[in-house]
Amino acid sequence: MYIGLDLGTSGLKGILINDDQKVLAEATAPLTVQRPHEGWSEQAPDSWITAAETVFDKLAAFGLGSVRGIGLSGHMHGATLLDGADDVLRPCILWNDTRGHDEAAELDGDPMFRRITGNIVFPGFTAPKLAWIRKHEPQVWDRVAKILLPKDYLRLWLTGEHVSEMSDAAGTSWLDTGKRDWSEDLLQATGLSRAEMPRLVEGSAVSGHLRGELASRWGLPKGVVVAGGGGDNAAAGVGVGVVKAGQAFVSLGTSGVLFAANDGYQPDPETAVHTFCHALPNTWHQMGVILAATDALNWYAGLVGQTAAALTGELGALEAPGKALFLPYLGGERTPLNDSAIRGALLGLEHQTDRAAGTRAVLEGVTFAFRDSRDALAATGTRLESLLAVGGGARSDYWLKAIATALDCPVLVPAAGDFGGALGAARLGLMAATGTGAEIATMPPIARTIEPDTRLTAAFDAGHARYRAAQAAIQKLSNP
């Protein structure tokens, strides 16, 4: 058996699979985010350990005596700072924390960062967080001995080893993404060295072994391997079988991701596309990232006093975009804008605008943001043949039909089952324990395919053009 642990912002999920990749058991434990100041987003690393203990307690009820490997997945970019005794120095600064926007702009102004990493230095990435710490919390900076990404702090607890892997490390702004190694020059530019970095392995490789006391506590055998694992989106790619060129998925989670696997390294930072290492050797991936997907729908649901499911459930067949227009920039935007200051807008309201029209506008706004990411990926030479739909928002057929039509791309709907980061992590654990590779990362059974509605193609093209015009106007208002 194999365990996959997926550390999310709102909770930790663990699953147990067998050799046939059948899910035997699953467990979750909730997590909370602290926001002490505007633009700040933090989590206490010890809460991850507590959550992991809860998950292991639940999984152990199934019996873990046949476990051979454990894989890890987790939210990316977080700065977990340790002293020489591996004690945590301050709460982890999370992926959606924007306090380091000035430092990010300063680092991004040095052409070396884009040239070596293949990416813009976004405010949410790890390096600008450390630059902020150096400037604003010098007493913490002086004690930093190791910098770990969130899932790699879980690994330290599991194995006693400081290790990361390529896909997560690519989101730090310190990795030479083409060479798949830390860049001495980028580390030096931020006052750091390899000494503060974890050792790097591939996601399907062995990173260490489960500590004996933890194995005894939950009834696991001795010598259980812990795989390198992957950042949340790369692990989700392994979980849904998006592991080679031509394969792609659209994730409708809190944030939205358009993810395409690549056999080669083809960066184009100016598009604000993320070009990262995949969790498998000699493979890369590209992502368009929008910061609010279901987050935007949940915001609107709270505003009108309904659940998101009730709002999408009252919509009928797909309609042409109406006059109401929504920009989903509730906390800034990544692809293609790279703008932490831009804010959302609900435009074109009239007497006839009812609750359902507002819901459609929100779904269309997020859909048009995905289209912007599709266009950005196309600018790098990446073409999407079809999209596998994952995430909570994929339960809305209306939304998937809008995406298929606006992006002119068939959307594949998996049969029932969770094929996200936890399954990808478990698959990586299986690979590390058995020596298998990408061939076991198959796509899930497809329940149905949603084709573009060609009768509405022109209407969605026109809607996107209005969206882009509104985007330009709101960007000026948000950045006076």
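Above this text you will find the structure in question.
One structure accompanies this document, and this report is about it. In this text the structure is predicted, and so the values were computed from the model without any measurement.

1. Overview of the packing of helix H13 (residues 355-379) against helix H16 (residues 457-478)
Relative orientation and spacing of two packed helices are given, respectively, by the angle between their axes and the distance between those axes. Interaxial distance between H13 and H16 falls to 10 Å at its minimum, and their mutual angle equals 85°. As far as their axial angle goes, H16 and H13 are roughly perpendicular. In this structure, H13 uses Glu 364, Gly 365, Phe 368, Ala 369, Arg 371, Asp 372 and Asp 375 to contact H16, whose residues at the interface are Phe 460, Asp 461, Gly 463, His 464, Tyr 467, Arg 468 and Gln 471. Looking at the contact of H13 with H16, its residues break down into 4 nonpolar, 4 polar and 6 charged.

2. Some points on a nonpolar patch on the surface
The grouping of Trp 299, Leu 303, Val 304 and Leu 330 at the surface amounts to a nonpolar patch, some 330 Å² of accessible area in total. Secondary-structure assignment places Trp 299 in helix H11 (residues 294-304).

3. As for the environment of Arg 334
Inspection of the secondary structure puts Arg 334 in the loop between strand E20 (325-327) and strand E21 (345-347). Arg 334 sits 180 residues away from Leu 154 along the chain, and the two C-alpha atoms are 27 Å apart. In contact with Arg 334, other than residues within four places in its own chain, are His 77, Trp 95, Phe 122, Gly 124, Phe 125, Ala 272, His 274, Val 289 and Leu 291. Engagement of the side chain of Arg 334 in a polar contact is seen with the side chain of His 274, the distance being 3.0 Å.

4. Section: the side chain of Thr 172
Checked against the element boundaries, Thr 172 lands in the loop between helix H7 (166-169) and strand E10 (175-176). Residue classification places Thr 172 among the buried residues on the basis of a relative accessible area of 2%. Here the side chain of Thr 172 touches Ala 169 through a polar contact of 2.7 Å, landing on its backbone oxygen. A polar side-chain atom of Thr 172 sits 3.0 Å from the main-chain amide nitrogen of Trp 174. Other than its neighbours up to four places away in sequence, Thr 172 contacts Phe 125, Thr 126, Ala 127, Leu 149 and Trp 182.

5. A few points about the sheet that holds strand E16 (residues 248-252)
In spatial order, the strands read E18-E19-E17-E16-E22-E23-E24; together these 7 strands make up an open sheet with mixed pairing. Two strands lie at the open edges of the sheet, namely strand E18 (274-277) and strand E24 (446-450), each paired on one side alone. If you compare each strand with its neighbour and ignore which way they point, the axes differ by 25° on average. Taken together, the 7 bridges between strand E17 (residues 256-262) and strand E19 (residues 284-290) define a ladder with antiparallel strand orientation. Within E19, the residue paired with Leu 258 across the bridge is Gly 288. Contacts from H13 reach E16, E17 and E19 within the one sheet, and its direction differs from that of E19 by about 145°. Lying over the sheet, helix H14 (residues 397-407) contacts E16, E17, strand E22 (387-390), strand E23 (411-414) and E24, oriented at roughly 50° with respect to E24.

6. Observations concerning the packing of aromatic side chains
In total, this model carries 13 aromatic pairs according to the counting rule given. Geometrically, the ring pair formed by Trp 48 and Tyr 153 is edge-to-face, given 6.1 Å between the ring centres and 70° between the ring planes. Taken as a pair, Trp 48 in helix H1 (residues 45-60) and Tyr 153 in helix H6 (residues 150-159) lie far apart in primary sequence, 105 residues in all. Here Trp 48 and Tyr 153 have matching classes, each one buried. A centroid spacing of 6.1 Å and a plane angle of 70° characterise the contact between Trp 157 and Trp 218, whose relative ring orientation is edge-to-face. On the criterion of sequence distance, the pair formed by Trp 157 in helix H6 and Trp 218 in helix H9 (residues 212-218) is long-range, its members being 61 residues apart. No difference in accessibility class separates Trp 157 from Trp 218, as the two residues are buried. Against the face of Trp 132 rests Arg 99, its NZ or CZ located 4.7 Å from the ring centre. Cation over ring: Arg 334 sits above Phe 122, and NZ or CZ is 5.7 Å from the ring centre.

7. Some words on empty space enclosed by the protein
As enumerated under the stated definition, the model contains 1 cavity of 30 Å³ or more in all. When its volume is computed, the largest cavity comes out at roughly 50 Å³. Every residue along the wall of the largest cavity is listed here: Thr 126, Ile 147, Leu 148, Leu 149, Thr 172, Trp 174, Trp 182, Met 197 and Pro 198.

8. Structural notes on the pairing of E16
Extensive coverage of E16 is indicated by the burial of 5 of its 5 residues. Burial along E16 is two-sided: the residues Ala 248, Val 250 and Leu 252 and Phe 249 and Ser 251 are all buried. Note that E16 and E17 share 5 bridges and pair antiparallel. Looking across to E17, one finds that Ala 248 is bridged to Ala 260. Linking two consecutive strands that pair antiparallel, namely E16 and E17, is a turn of 3 residues. Looking at chain direction, E16 and E22 are connected through 3 bridges and run parallel. Paired with Val 250 across the strands is Ala 389, a residue of E22.

9. Concerning H16
When the terminal C-alpha atoms of H16 are compared, their 31 Å separation across 22 residues agrees well with the 32 Å that a helix rising 1.5 Å per residue should span. For H16, the complete set of buried residues consists of Phe 460, Gly 463, His 464, Tyr 467, Ala 470, Gln 471 and Ile 474. For H16, the arc enclosing every buried residue in end-on projection is 130°, short of the 170-degree limit, so these residues lie on one face. For H16, exposure combined with an orientation more than 90 degrees from the buried face picks out Ala 458, Ala 469 and Lys 476. Where the residues of H16 are buried, they touch E20, E21, H13 and H14.

10. Quick notes on the side chain of Arg 427
Here Arg 427 lies in helix H15 (residues 421-434). What makes Arg 427 buried here is its relative accessible area of 5%. Not counting the four nearest positions on each side in its chain, Arg 427 is found in contact with Ile 17, Gln 21, Val 238, Gly 239, Val 240, Gly 241, Ile 440, Ala 441 and Thr 442.

11. Re the environment of Ser 204
By secondary structure assignment, the location of Ser 204 is in the loop between strand E12 (199-201) and strand E13 (206-209). Note on Ser 204: relative accessible area 15%, which makes it buried. Linking Ser 204 and Asn 18, residues 186 residues apart in sequence, is a C-alpha distance of 17 Å. For Ser 204, the residues in contact, after removing those within four places along its chain, are Ala 279, Leu 280, Pro 281, Leu 428, Met 431 and Ala 432.

Thresholds applied
Residues numbered from 1 in each chain as written. Predicted model: local features only at pLDDT ≥ 70, side-chain atom pairs only at ≥ 80, totals over all residues. Heavy atoms only, no water. Axes fitted to C-alpha atoms, helices over the stretch in contact; angles between N-to-C directions. Helix = DSSP H or I, 4+ residues; strand = E, 2+ residues; numbered from the N terminus. Parallel < 35°, antiparallel > 145°, perpendicular 65-115°, else oblique. Contact = heavy atoms within 4.5 Å. Nonpolar A, V, L, I, M, F, W, Y, C, P; charged D, E, K, R; others polar. Patch = residues over 30% accessible without salt bridge, like charges linked within 9 Å, V, L, I, M, F, W, Y side chains within 5 Å. Areas by Shrake-Rupley, 256 points an atom, 1.4 Å probe, with all protein chains shown as cover. Salt bridge = Lys/Arg side-chain N within 4 Å of Asp/Glu carboxyl O. Polar contact = N/O pair within 3.5 Å; in protein donor to acceptor, adjacent residues only side chain to side chain. Buried < 20%, exposed > 50% of the residue type's maximum accessible area, 1.4 Å probe, protein only. Pairing = 2+ DSSP bridges. Phe/Tyr/Trp six-rings, centres within 6.5 Å; stacked < 30°, edge-to-face > 60°. Lys NZ or Arg CZ within 6 Å of the ring centre and 35° of its normal. 1 Å grid on protein atoms, 1.4 Å probe; cavity = no way out; pocket = protein on both sides within 12 Å on 5 of 7 lines; lining within 4 Å. Points joined across faces, edges and corners; volume = space filled by probe spheres on them. Expected span 1.5 Å × (residues − 1). Arc of directions from axis to C-beta.

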